[in-house]
Amino acid sequence: MIHARDLIELSVLVAQHGPLLVYGPPRVPETAIDAYWVASKCRLDRWARALKEPPTVLTGWIEEILASEMLTRVWTAAMCAYDRFHRTDRMEPVARSVWLGQIEARHRLLSLLVHGQSLPAEEIRRLNTLRLRVEGWSDVLVGRLAGLVDVAEFAVDPRRARDFARDLAAKRRKKGGRMVWPLCLASLRSAFRHAFTRPSPNADLNARIGASILAFFQPEVFDGTGLFTPLWMWRLMQAATDAQGWIEDLLETETPAHGPRSLPRRMRE
């Protein structure tokens, strides 16, 4: 089970190791793509129901949607960068579909915050501050990937992401430039250290999404990086091999409301 704060950490790891995926040899675990799609669509359906009829405790849902937006934007950018660099179309259709669903959830969330339904004014202000923080740092992480292939369209502000990509490249050429990116990551972690106050309502699906993402990377790429690697991530690495079983379980117990016809082509064949 992983929660909103862990989704932020996973976003950092994707941005950090994205170049290995994009520039590395073609390696696309098909079951991981399918697992990502199914778990993401099931979570989107749960969000839609929750935002339509807000539960008594709504904060956990909002925090999860916000944290997931960062991961969705960064992972979509990484998957699309891979396809564009290798000139394939194996990952982008799935990633873009999930991203569009995330944007729809974002719009519903913004409407809810504007109207203040079921939330006190002080909580709305806190969540709006968190939203702005997520947007800004999402653009930083997408900007790192946009320096490889132009995938800035998946940032909240594409121009800001491209500007960061150019600034990062310029600073790396200067003395001490290698420290710029690690300092950015340290600042990001500090910004979100105490940002999430409620358990995530969909920690089970978050775990399946996280494991499907980590399945794209070899475990050894996380060794010796100086990055904090929490226990939950190592568990997800081990669980990533069970992606096919998760797909079958999800299809039996919680088929997305979009229906079987919206499954990726590879899952209908």
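Bear in mind that the values here come from a model prediction, so they are computed numbers and not experimental data.

### As for unusual backbone geometry
Excluding glycine, residues mostly have negative phi values, and the peptide bonds linking residues are mostly trans.
Working step 1: The backbone phi angle of Arg87 is positive, close to 55 degrees, even though this residue is not glycine.
Working step 2: Examined against the element boundaries, Arg87 turns out to sit in the loop between helix H3 (59-86) and helix H4 (92-115).
Working step 3: The exposure class of Arg87 is exposed, given its relative accessible area of 78%.

### What to know about the nonpolar core
Working step 1: Of all hydrophobic cores here, the largest spans 82 residues; its most connected members are Ile62, Trp75, Trp181, Phe192, Ile213 and Phe216.
Working step 2: Sorting the residues of this core by element identifies helix H1 (4-23), helix H2 (30-52), H3, H4, helix H5 (121-146), helix H6 (158-172), helix H7 (180-192) and helix H8 (203-214) as the ones contributing at least two each.
Working step 3: The element best represented in this core is H3, accounting for 15 residues.
Working step 4: Once you skip the residues sitting within four places of it in the chain, Phe192 turns out to touch Ile8, Met70, Leu130, Arg133, Val134 and Trp137.

### Focus: the packing of aromatic side chains
Working step 1: Per the counting criterion, the structure on display carries six aromatic pairs.
Working step 2: With centroids separated by 4.9 Å and ring planes inclined at 85 degrees, the aromatic side chains of Trp99 and Phe154 adopt a geometry described as edge-to-face. Placement of Trp99 in helix H4 and of Phe154 in the loop between H5 and H6 is noted, with a sequence separation of 55 residues between them. With respect to class, Trp99 is no different from Phe154; both count as buried.
Working step 3: Taken together, a centroid distance of 6.4 Å and an interplanar angle of 55 degrees make the contact between Phe164 and Trp181 tilted. Residue Phe164 is found in helix H6, and its partner Trp181 is found in helix H7; the two are separated by 17 residues along the sequence.

Conventions we followed
Residues numbered from 1 in each chain as written. Predicted model: local features only at pLDDT ≥ 70, side-chain atom pairs only at ≥ 80, totals over all residues. Heavy atoms only, no water. Helix = DSSP H or I, 4+ residues; strand = E, 2+ residues; numbered from the N terminus. Buried < 20%, exposed > 50% of the residue type's maximum accessible area, 1.4 Å probe, protein only. Core = buried A, V, L, I, M, F, W, Y, C linked by side-chain atoms within 4.5 Å. Contact = heavy atoms within 4.5 Å. Phe/Tyr/Trp six-rings, centres within 6.5 Å; stacked < 30°, edge-to-face > 60°.

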